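Coordinate analysis (summary)
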Amino acid sequence: MIAPRSFRLQSLALSALAIALMLGVAAPAAHAGVLYSTGFENPPFTLGPFAGQDGWSIFGTTTVLVENTVVQSGLQAVSVDGSAASQSGPYHSDFSTGPLLELSAGIYIASSSSQSQWQFAGLGSGLAPFLGGIDVLNNGQIEAITLGYPVIGAFTYNTWNNVSLLFDINTQKYSVSLNGVVLASNVAFCGDNGPCAGEHVSSYSDGIFDTFGGGNDTGYIDNYSVVEN
C-alpha cells in the first residue's frame, strides 16, 4: 500500500534515442508501444465520479471526478480533492517489464490558502514498491522519490505542467522532465514504499496521481499516457 507522509513518499515525450542518451544506454530498436493513453474524453469517460471508468481505481477517500472546467486539451480532465483526510488518489494498472517505460501526464495544481502535497509516480503491482516519481511539496518544491528525496526543481501553480518519468528497468534508474526540460537523470529507483533503500524492481504496473491531503486545494490531470520502448 502507499506509504504515509511520515516516510516522505512522495511531459513532453522524448524520442527513444533521447531517452537512451539521457540514461546512458544503447538506443533500443525503433519501435514503441502505447500501453495506455487517454485525454479523459467522452467516450468512454462521462462527467461525475471517476472510480471504475476505463479501468481506473482510487485508493483512500478523496473525491475524484471527471470534470469539464479545468482542462489541458479537449473537453474533459480529472480533478482530485486535496482536502482528503489522508493520502489518496487515482491509479491505473498497465503491466510492463520495459526495458524503457515512459509515464507522462499534464498536471495542474491550483493554489490555495492551505496547500496540500501531491505525488505523481510509477509503482509495481499492488501499489508497491515505488520505481520512482515526484512529490510536489506544499511550497511548490519538487522532490525526486529516491534515497534522500533531493529537491530537483519547482512546480508552477495555476497552470498546466507536462511531467514525464522515464524508467529504465534494466539499469534501475529513471529521469524526470518538466515541460520538456530534464530536471534529473540517472536517479536510482526507490525500491520500496518507505526509505527508498533501492531494492530491485522487476516491473512497472501502476501509475498514480495523489494528494497527501489536509489542504483546501485541487489537483487536475489530463493527457495521461504509458509508453513502452
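The model shown is predicted, which means the values in this text are computed figures rather than measured ones.

Some remarks on the sheet that holds strand β10 (residues 141–144)
Reading across from one edge, β3-β6-β15-β8-β9-β10-β11 is the order of the 7 strands in this open sheet, with antiparallel pairing throughout. Among the strands making up the open sheet, the edge pair consists of β3 (57–59) and β11 (151–154). Pairs of neighbouring strands in the sheet enclose a mean axial angle of 25 degrees, with direction left out of account.

Quick word on the state of the cysteines
Per the counting criterion, the structure on display carries 1 disulfide. With its sulfur 2.1 Å from that of its partner, C190 forms a disulfide with C196. The sign of the S-S torsion, about -90 degrees, decides the handedness of the disulfide formed by C190 and C196: left-handed. Of the two residues, C190 and C196, neither departs from the other in class, the shared state being buried.

Comments concerning the confidence of the model for the protein chain
Considering every residue of the protein chain, the mean pLDDT works out to 89; 86% of them sit at 70 or more. Note that residues 4–31 has pLDDT below 50 and, in this model, 77 contacts with residues that lie over four places away or in other chains.

Section: the packing of aromatic side chains
Within the structure shown, the criterion is met by 16 aromatic pairs. Seen in terms of ring centroids, W56 and Y224 are 4.9 Å apart; in terms of plane orientation they differ by 70 degrees. Their pairing is edge-to-face. Of the two residues, W56 is situated in the loop between β2 (48–49) and β3 and Y224 in strand β16 (residues 218–228); the sequence distance between them amounts to 168 residues. The class of Y224 is buried, set by a relative accessible area of 1%. Residues F167 and F189 carry aromatic rings whose centres are separated by 5.9 Å and whose planes lie at 80 degrees to one another, so their mutual orientation is edge-to-face.

Side note on the nonpolar core
Of all hydrophobic cores here, the largest spans 50 residues; its most connected members are F120, I134 and Y224. Of the residues forming this core, the biggest block, 5 residues, is contributed by strand β7 (residues 100–109). With sequence-adjacent residues up to four places away left out, F120 is seen in contact with L103, S104, A105, I107, G133, I134, V163, L165, I208, F209, I221 and Y224. The next biggest cluster of nonpolar side chains, apart from the first, holds 6 residues, and it includes A77, A110, W160 and Y220.

Rules and cut-offs
Per chain, the residues get numbers from 1 upward, laid out in the order the sequence is written. It should be noted that, the model being predicted, local features are given only for residues of pLDDT at least 70 and side-chain atom pairs only at 80 or more, the latter also being counted only at that level, while totals for whole chains, interfaces and linings use all residues. In computing side-chain values, all of the structure's heavy atoms are included and hydrogens and water are not. Two strands qualify as a pair provided that DSSP identifies no fewer than 2 bridges between them. To qualify as a helix, a DSSP run of H or I must reach at least 4 residues; to qualify as a strand, a run of E must reach at least 2; elements of each kind are numbered from the N terminus. Each axis is a line fitted through C-alpha atoms, taken for helices only over the stretch in contact, and angles between the N-to-C directions span 0 to 180 degrees. Criterion for a disulfide: a pair of cysteine sulfur atoms at a distance within 2.5 Å. Three labels apply to residues, based on accessible area from a 1.4 Å probe with only protein chains included: buried if under 20% of the type maximum, exposed if over 50%, partly exposed otherwise in between. Per-residue confidence from the predictor is reported as pLDDT, a score between 0 and 100. Working rule for contacts: check all heavy atoms of both residues, and any pair within 4.5 Å makes them a contact. A pair of Phe, Tyr and Trp rings is counted when the ring centres sit within 6.5 Å of each other, with Trp represented by its six-membered ring. The angle between the planes then sorts it: under 30 degrees is stacked, over 60 is edge-to-face, the rest tilted. We call a set of buried Ala, Val, Leu, Ile, Met, Phe, Trp, Tyr and Cys residues a nonpolar core when their side-chain atoms join them within 4.5 Å.

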